[in-house]
Amino acid sequence: MIIRDMKSVDIETVRLIARYAWRATYSSFIPEEIQDKVLAEAYSSKEMASRFKSSLNLVAEENGVVMGYAFLYVKSDNKLFVESLYIHPNYQGRGIGKKLLQSGISNFPNATTVALTIYEGNPNISFYEKEGFKRIKENKGGFFGHPVSFVLMEKATN
């Protein structure tokens, strides 16, 4: 398996991975029609073009198959933010997420903290806890009128 920079030819595959991962992860608490709206907005051509300008976009690939991806960027005060980290359900449990996360962090040697927001109810919160992330705060919010809770998690990079 290799971790490499995402290319524009990977966009459709990343959109499919997002859809499959969202269905597997969020269907118990976010209705599919809301998921579809969120995904259409978050992975629109405009948003993807913006990510290529402002984020480090990585994919995990093996034998020509993209299995997962991560989008990371630096916020203020040398805080690295993991915007997205998703693995296709068929490839979960193989350490791909950990490798994407570690590779992403290693690309920002001056970052002192890495943070992310995850939805309360996401079973993958335990993955981030195992990686040393701690819950910092919870915020209530929503997607297209559907209420969700967001959990901010952080850890020191060293």
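To start, this report covers the structure provided alongside it. (Residues numbered from 1 in each chain as written. Predicted model: local features only at pLDDT ≥ 70, side-chain atom pairs only at ≥ 80, totals over all residues. Heavy atoms only, no water.)

1. Description of the overall build of the protein
Of the regular secondary structure elements, the protein holds five helices and seven strands. Element order for the protein, N to C, with α for helix and β for strand: β-α-α-α-β-β-β-α-β-α-β-β. Relative to its length of 158 residues, the protein is compact, with a C-alpha radius of gyration of 15 Å against a globular reference of 15 Å. Each principal axis of the C-alpha distribution contributes one length, and for the protein these read about 40 × 35 × 30 Å. Within the protein, the proportion of its 158 residues that are buried is 44%. Pairs at least 24 apart in sequence give 61% of the contacts found in the protein among residues at least 6 apart. As presented, the protein carries roughly 8400 Å² of accessible surface, and 49% of it is formed by carbon and sulfur atoms. In the protein, 20 side chains carry a positive charge and 17 a negative one; their mean positions are 2 Å apart. (Helix = DSSP H or I, 4+ residues; strand = E, 2+ residues; numbered from the N terminus. Rg over C-alpha atoms; globule rule 2.2 N^0.38 Å. Buried < 20%, exposed > 50% of the residue type's maximum accessible area, 1.4 Å probe, protein only. Contact = heavy atoms within 4.5 Å. Areas by Shrake-Rupley, 256 points an atom, 1.4 Å probe, with all protein chains shown as cover. Lys, Arg positive; Asp, Glu negative; His and termini not counted. Charge placed at Lys NZ, Arg CZ, Asp CG, Glu CD.)

2. Focus: the pairing of strand β2 (residues 56-62)
Across the seven residues that make up β2, a large majority, six, are buried. Of the pairings in the sheet, the one linking strand β1 (residues 2-5) to β2 comprises four bridges and is antiparallel in character. Note that in β2 the partner of Asp-5 across the bridge is Leu-58. Taken together, the seven bridges between β2 and strand β3 (residues 65-74) define a ladder with antiparallel strand orientation. (Pairing = 2+ DSSP bridges.)

3. Quick look at the packing of aromatic side chains
Summed over the entire model, instances satisfying the criterion amount to 13 aromatic pairs. With a centroid separation of 5.8 Å and an interplanar angle of 65°, the aromatic rings of Trp-22 and Tyr-119 are classed as edge-to-face. Residue Trp-22 is found in helix α1 (residues 11-26), and its partner Tyr-119 is found in strand β5 (residues 113-119); the two are separated by 97 residues along the sequence. With respect to burial, Trp-22 and Tyr-119 carry one shared label: buried. Seen in terms of ring centroids, Tyr-69 and Phe-71 are 5.0 Å apart; in terms of plane orientation they differ by 40°. Their pairing is tilted. The residues Tyr-69 and Phe-71 share a single accessibility class, namely buried. Through successive ring pairs, a cluster of aromatic residues spans Trp-22, Tyr-26, Phe-29, Tyr-43, Tyr-69, Phe-71, Tyr-86, Tyr-119 and Phe-150. The ring of Tyr-43 has Arg-51 sitting right over it, with the charged end atom 5.3 Å from the ring centre. Looking at Lys-75, its charged tip hangs above the ring of Phe-81, at a distance of 4.7 Å from the centre. (Phe/Tyr/Trp six-rings, centres within 6.5 Å; stacked < 30°, edge-to-face > 60°. Lys NZ or Arg CZ within 6 Å of the ring centre and 35° of its normal.)

4. Observations regarding the side chain of Asn-57
One can find Asn-57 in strand β2. For Asn-57, a relative accessible area of 5% puts it in the buried group. Separated by 3.2 Å, the side chain of Asn-57 and the backbone oxygen of Arg-51 make a polar contact. When neighbours within four sequence positions are excluded, Asn-57 is seen to be in contact with Arg-4, Asp-5, Met-6, Arg-51, Phe-52, Ala-70 and Phe-71. (Polar contact = N/O pair within 3.5 Å; in protein donor to acceptor, adjacent residues only side chain to side chain.)

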